[in-house]
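# Working through the structure, step by step
In case you want the letters, here they are:
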Amino acid sequence: MRRYDGVIASTTQSGGERSFQLAEVALEIEAKLEIVGISAIEDKLRLGVSEAVERLRHAGIKLWMLTGDGQESAVSVARSSALIREQARVMVLQGTSVKATRKLLAARHAEVQQRRLRHSSRSRRDLAVVIDGAALAHCFRNKELHSLLMYIVLESSTVIACRVSASQKAQIVEMVQT
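Notes on the structure follow. (Residues numbered from 1 in each chain as written. Predicted model: local features only at pLDDT ≥ 70, side-chain atom pairs only at ≥ 80, totals over all residues. Heavy atoms only, no water.)

Okay, the overall build of the chain next. A count of helical and extended segments in the chain gives nine helices and four strands. Listing each helix as α and each strand as β along the chain from the N terminus yields α-α-α-β-α-β-α-α-β-α-α-β-α. For the chain, the proportion of its 178 residues judged to be buried stands at 35%. Look at the contacts in the chain between residues 6 or more apart in sequence, and 77% of them connect residues 24 or more apart. Surface exposure of the chain reaches about 11100 Å², of which carbon and sulfur atoms provide 54%. (Helix = DSSP H or I, 4+ residues; strand = E, 2+ residues; numbered from the N terminus. Buried < 20%, exposed > 50% of the residue type's maximum accessible area, 1.4 Å probe, protein only. Contact = heavy atoms within 4.5 Å. Areas by Shrake-Rupley, 256 points an atom, 1.4 Å probe, with all protein chains shown as cover.)

Structure below.
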C-alpha cells in the first residue's frame, strides 16, 4: 500500500481529474486484492419507497440515483426500489479509458437514436442508464464525450451513477441544473 501513498498524495488537482486519478488507483488496488473475509449488512428499503418512485415517474420526473456503491449493488437497489422497471432496457456505461469510453458512448448513442426511431415515446423512455465514476470522469473532462452522455441520459427514464465520489455527485447536480 505504501506504493500508492505517493500516487494518492500527488493527486492534488481538483475536480474530475483528481477523481479520475483516484478511481484509477482504486481500480488497480482492487484488481490485485486478495479477499480474506467478507461481511455484509442488509439495508432494507423503507415502506412506500417503490410507490413514491412510481408516483414521481408518473408525474414525469426523471429519477437519478448517485451512489458510491458498486454497479451490482446499485442496480440491485434500483430494481428493488422500482427505479429500474422490470421491462426496462439497462444500458451500462463503464469507463476504462478515454478511448474505450468514447467507443462505448458512440455505440450507445447510435443505439439510443435507433430506439428513438423504432419505438413510441413511452417505450423508448423505458431506458435505465448505469454509469460508473470512471466513465463520468472522462465525460466531465471531454466535451465530445459529455455531449454523447447528455444525449443518452436525456433519452432515458432513470440514471444510476455508481462508484462516484462526493465531488462527482456535485458535478452531476451542477450538470443537471444547467
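Still more ground to cover, so stick around.
Taken in spatial order, the four strands of this open sheet run 1-4-3-2, and their pairing is parallel. Two strands in the sheet have a free side with no partner beyond their single neighbour: strand 1 (63-66) and strand 2 (89-93). If you compare each strand with its neighbour and ignore which way they point, the axes differ by 15° on average. Relative to strand 3 (residues 127-132), strand 2 runs parallel, the two being bridged by five bridges. When the sheet's bridge partners are listed, valine 92 is paired in strand 3 with valine 130. Strands in contact with helix 7 (residues 133-141) are strand 2, strand 3 and strand 4 (158-162); relative to strand 3, the strand with the most contacts, it is inclined by about 85°. Here helix 9 (residues 166-177) sits on the sheet in contact with strand 1 and strand 4, set at roughly 160° to strand 1. (Pairing = 2+ DSSP bridges. Axes fitted to C-alpha atoms, helices over the stretch in contact; angles between N-to-C directions.)

Let us now look at the environment of histidine 109. If you trace the backbone, histidine 109 turns up in helix 5 (residues 98-118). Setting aside residues up to four positions removed in sequence, histidine 109 forms contacts with Leu148, Tyr151 and Ile152.

As a packed pair, helix 5 and helix 7 sit with axes 10 Å apart at the nearest point and diverge in direction by 90°. As summarised for this structure, helix 5 and helix 7 are arranged roughly perpendicular, according to the angle between their axes. Contact residues: helix 5 offers Val98, Thr101 and Leu105, while helix 7 offers Ala135, His138, Cys139 and Arg141. Of the residues in the contact of helix 5 with helix 7, the class split is four nonpolar, two polar and one charged. (Parallel < 35°, antiparallel > 145°, perpendicular 65-115°, else oblique. Nonpolar A, V, L, I, M, F, W, Y, C, P; charged D, E, K, R; others polar.)

Of the voids in this model, the largest pocket is the one considered here, and its volume is about 490 Å³. Lining the largest pocket are 22 residues, with Leu27, Asp132, Gly133, Ala134 and Arg163 positioned closest to its centre. Mapped onto the lining of the largest pocket, the elements with two or more residues apiece are helix 2 (16-31), helix 4 (71-80), helix 7 and helix 9. Take the lining of the largest pocket: its biggest share by element is six residues, from helix 2. For the lining of the largest pocket, the per-class residue count stands at seven nonpolar, 11 polar and four charged. (1 Å grid on protein atoms, 1.4 Å probe; cavity = no way out; pocket = protein on both sides within 12 Å on 5 of 7 lines; lining within 4 Å. Points joined across faces, edges and corners; volume = space filled by probe spheres on them.)

It is worth spelling out unusual backbone geometry at this point. The residue alanine 82 is not glycine, and still its phi comes out positive at about 70°. Note on placement: alanine 82 falls in the loop between helix 4 and strand 2.

Locating glutamine 94 in the fold gives a position in the loop between strand 2 and helix 5. It is 9.3 Å that separates the C-alpha atoms of glutamine 94 and leucine 105, two residues lying 11 residues apart in sequence.

What follows covers the pattern of salt bridges. Pairing is possible between side chains of opposite charge, provided their charged atoms come close. Under the counting rule described, the total for this entry stands at seven salt bridges. Among the salt bridges present, the one from glutamate 54 reaches arginine 57, with a minimum N-O distance of 3.2 Å. Pair noted here: glutamate 54 and arginine 57 are both in helix 3 (residues 49-58), with a separation of three residues, about one helical turn. We classify glutamate 54 as partly exposed; its relative accessible area is 33%. Note that glutamate 111 and arginine 108 form a salt bridge whose closest N and O atoms lie 3.6 Å from each other. Linking glutamate 111 with arginine 108, this pair stays in helix 5, spanning three residues, or about one helical turn. Take arginine 108: its relative accessible area is 22%, and that puts it in the partly exposed class. Several salt bridges share partner residues, and in doing so they unite Glu54, Arg57, Arg85 and Asp126 into one network. (Salt bridge = Lys/Arg side-chain N within 4 Å of Asp/Glu carboxyl O.)

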